[in-house]
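Descriptive structure summary
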Amino acid sequence: MQTWRATAIGSANIALIKYWGNRDHVLRLPSNSSLSMNLAALTTTTTVEFRSDLADDVVTIDDVEATGSARERVIAHLDRVRALANINAKASVISHNNFPAGTGLASSASAFAALTAAACVAAGLQLSADALSRLARRASGSACRSVPGGFVLWDACDEDDCSFGRTIAPADHWDLTDVIAIVESAHKATGSTEGHALADTSPFQAVRVASTPGRLECCKAALLSRDFPALADVIEEDTLAMHAVMMTSAPSLLYWRPATLAVMQAVRAWRKDGLPVGFTIDAGPNVHCICTAQVVPQVEDLVRAIPGVQHVLVSGVGDACQLV
Ligand code: DP6
């Protein structure tokens, strides 16, 4: 029996300027550029082994054999790698998330970044970081931003060739921290892939997409100059624009719970009182409170005290996806 094996670790990321909607759903070419920071404390470690003795791919996620659409999505990605490497061998994929299951936090970015890196090396491919990011994008858009490290810009670009994530500042550029208020741990009713497909049904999507470059430039400038007040304003504006599109899609997507709004309002009040903290929310009810490292203990205590907050996770800025 012949085997080819590799393991990679990838971190999740939180978008400061959101990706929502695709111009091309098959290639996952997004409607707009986005900007994120990797999350060091939220990682997926994945081992891929191509084995000549396997009759079929076997995918295990957090010690449970995957079935249905979760398995099919991994296999579709393995097929992309096999096509590039010109191999036919089936694979065993073993993946572990270090963040608690049932927190409702998405793992597709860290998972598909780690799967891409491990599968390519196991298949004998030597791809550049840009090419790996491009390939990860095909499995999950946000995964392309978890391939490079630190603060990452995904340029929407018109073509497959130029649509990938690039680092605009390394992880140690700024000690921003994500204090995540978990207000609901159940899996979301409508996943991101379905949500992207609905984005164009909202009358506000065109307006959001047209106004994203301005917010992206503000966010990039605030990040590069470490201007917290400007950063907080623009990330809140951007996440609210995305949720306005979600709420006005057909069917409407309303991800918030009462505690989501309670955290949002509290964050604004704390900032008014001088605390450097701003919020952003993905396709779910949990609130990511972005602050500087210095005020993390204070923000954490304040967030925990809000009724309806079930757990709090804290993460600094993460590095690039790497082989282990
Ligand atoms: C709201 O990358 O999870 O988190 O490409 O279908 O896997 P797929 O979607 P995904 O979408 C992320 C949406 C978001 C915003 C963001 O991360 O930019």
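Before reading further, recall that the structure is shown in the block above.
The following refers to the structure shown. All residue numbers refer to positions counted from 1 along the written sequence of the respective chain. Local features are withheld for residues below a pLDDT of 70 in this predicted model, meaning they are given only at 70 or higher, and side-chain atom pairs are given and counted only at 80 or more; totals for whole chains, interfaces and linings count all residues. Note: side-chain values were computed over all heavy atoms of the structure, leaving out hydrogens and water.

Quick look at the site of the ligand
Our working definition: Whether a residue is near a molecule or strand depends on its heavy atoms: it is near if one of them lies within 4 Å of it. In protein, a polar contact requires one atom able to donate a hydrogen and another able to accept it; more generally it is a pair of N or O atoms within 3.5 Å, and residues adjacent in sequence count only if both atoms are side-chain atoms. Per-residue accessibility takes into account occlusion by the displayed protein chains alone, with areas from the Shrake-Rupley method and a 1.4 Å probe. For the purposes of this entry, the term helix denotes a DSSP run of H or I that reaches at least four residues, the term strand denotes a run of E that reaches at least two, and both are numbered from the N terminus.
Around the ligand there are 17 residues in total, and Arg73, Ser140, Gly141, Ser142 and Thr193 lie nearest to it. A distance of 2.6 Å is found between an oxygen atom of the ligand and a side-chain nitrogen or oxygen belonging to Thr193. Within the complex, the protein chains bury 94% of what would otherwise be the 460 Å² of accessible surface of the ligand. At 3 residues, helix H4 (residues 192–198) tops the list of elements feeding residues into the shell around the ligand.

Details of the state of the cysteines
To keep it simple, the criterion reads: Here, two cysteine sulfur atoms that lie within 2.5 Å of each other are counted as a disulfide. Only protein chains enter the calculation, and the probe is 1.4 Å; a residue is then buried if its accessible area is under 20% of its type maximum, exposed if over 50%, and partly exposed in between.
Across all of its chains, the model carries 1 disulfide by this definition. Across the disulfide from Cys157 sits Cys162; the S-S distance is 1.9 Å. The disulfide joining Cys157 to Cys162 has a torsion of about -95° about its S-S bond and is therefore left-handed. No disulfide involves Cys219; its sulfur sits 8.4 Å from the nearest other cysteine sulfur, which is in Cys218. Owing to a relative accessible area of 0%, Cys219 belongs among the buried residues under this scheme.

Remarks on the pattern of salt bridges
For clarity, the threshold we go by: Any Lys or Arg side-chain nitrogen found within 4 Å of a carboxyl oxygen on Asp or Glu counts as a salt bridge.
Within this structure, the stated rule accounts for 15 salt bridges. The partner of Glu184 in a salt bridge is Arg257, with the nearest N and O atoms 2.6 Å apart. Linking Glu184 in the loop between strand E10 (176–182) and H4 with Arg257 in the loop between helix H6 (228–247) and helix H7 (258–272), this pair joins segments that are 73 residues apart in sequence. Looking at Glu184, the relative accessible area reads 21%, which means it is partly exposed. As a salt-bridge pair, Glu300 and Arg304 come within 2.6 Å of each other at their nearest N and O atoms. One end of the pair is Glu300 and the other is Arg304, both in helix H8 (residues 296–304) and 4 residues apart, which spans about a single turn. Accessibility expressed as a relative area gives 43% for Arg304, which makes it partly exposed. Connected via shared salt-bridge partners are Asp233, Glu236, Arg268 and Arg271.

Description of H6
Basically, it comes down to this: Expected helix span is computed as 1.5 Å times (number of residues minus one).
With 20 residues, H6 should reach 28 Å at 1.5 Å per residue; the first-to-last C-alpha distance of 28 Å fits that figure. The N-capping residue of H6, defined by a side-chain oxygen 3.2 Å from the backbone nitrogen of Ala230, is Asp227.

Comments concerning the sheet that holds strand E11 (residues 277–280)
Condition: Paired strands, as defined in this entry, are two strands with at least two bridges between them according to DSSP. To obtain an axis, a line is fitted to C-alpha atoms, over the contacting stretch when the element is a helix, and the angle between two such axes runs from 0 to 180 degrees between their N-to-C directions.
Strands sit in the order E11-E12-E10-E13 across an open sheet of 4 strands; the sheet is antiparallel. Edge positions in the open sheet fall to E11 and strand E13 (311–315), since each of these has one partner strand only. Neighbouring strand axes in the sheet, compared pairwise and without regard to direction, differ in orientation by 25° on average. Two strands pair when backbone bridges link them, and E10 and strand E12 (residues 287–292) are joined in this way by 6 bridges, in the antiparallel orientation. Considered in E12, the bridge of Val179 is made with Cys289.

Quick look at the nonpolar core
As a rule of thumb, nonpolar side chains are buried together in soluble globular proteins. How we decide: By nonpolar core we mean a set of buried residues, namely Ala, Val, Leu, Ile, Met, Phe, Trp, Tyr and Cys, connected to one another through side-chain atoms within 4.5 Å. Every residue pair with non-hydrogen atoms within 4.5 Å of one another is taken to be in contact.
In this structure, Trp20, Cys289, Val299 and Val303 are the most contacted members of the largest nonpolar core, which totals 33 residues. Mapped by element, the contributors of at least two residues to this core are E10, H6, H7, E11, E12 and H8. With 6 residues, H7 is the largest single contributor of residues to this core. Once you skip the residues sitting within four places of it in the chain, Val303 turns out to touch Val179, Ala181, Trp270, Cys289, Val309 and Val312.

Some remarks on the packing of helix H1 (residues 68–85) against helix H3 (residues 129–139)
Applicable threshold: Crossings are classed by handedness, with left-handed meaning an anticlockwise turn of the near helix from the far one by less than a right angle and right-handed meaning a clockwise turn. Side-chain classes are defined by residue name, with Ala, Val, Leu, Ile, Met, Phe, Trp, Tyr, Cys and Pro counting as nonpolar, Asp, Glu, Lys and Arg as charged, and the others, Gly among them, as polar.
It is at 9 Å that the axes of H1 and H3 come closest, and there the two elements cross at 145°. Crossing of H1 against H3: the hand is right-handed. Of H3, the residues touching H1 (which contributes Arg73, His77, Arg80, Val81 and Leu84) are Leu135, Ala136, Arg138 and Ala139. Classifying every residue of the contact of H1 with H3 by side-chain character gives 5 nonpolar, 1 polar and 3 charged.

Observations regarding H7
It helps to recall that an α-helix has 3.6 residues per turn; residues three or four apart then point in one direction. Formally: Directions pointing from the helix axis toward each C-beta atom define the arc.
With 15 residues, H7 extends 22 Å between its outermost C-alpha atoms, agreeing within 8% with the 21 Å of an ideal straight helix rising 1.5 Å per residue. Taken as a whole, H7 has its buried residues at Ala259, Thr260, Val263, Met264, Ala266, Val267, Trp270 and Arg271. In a view along the axis of H7, the buried residues occupy a sector of 165°, so they form one face of it. Opposite the packed face of H7, turned more than 90 degrees from it, sit the exposed residues Pro258, Gln265 and Lys272.

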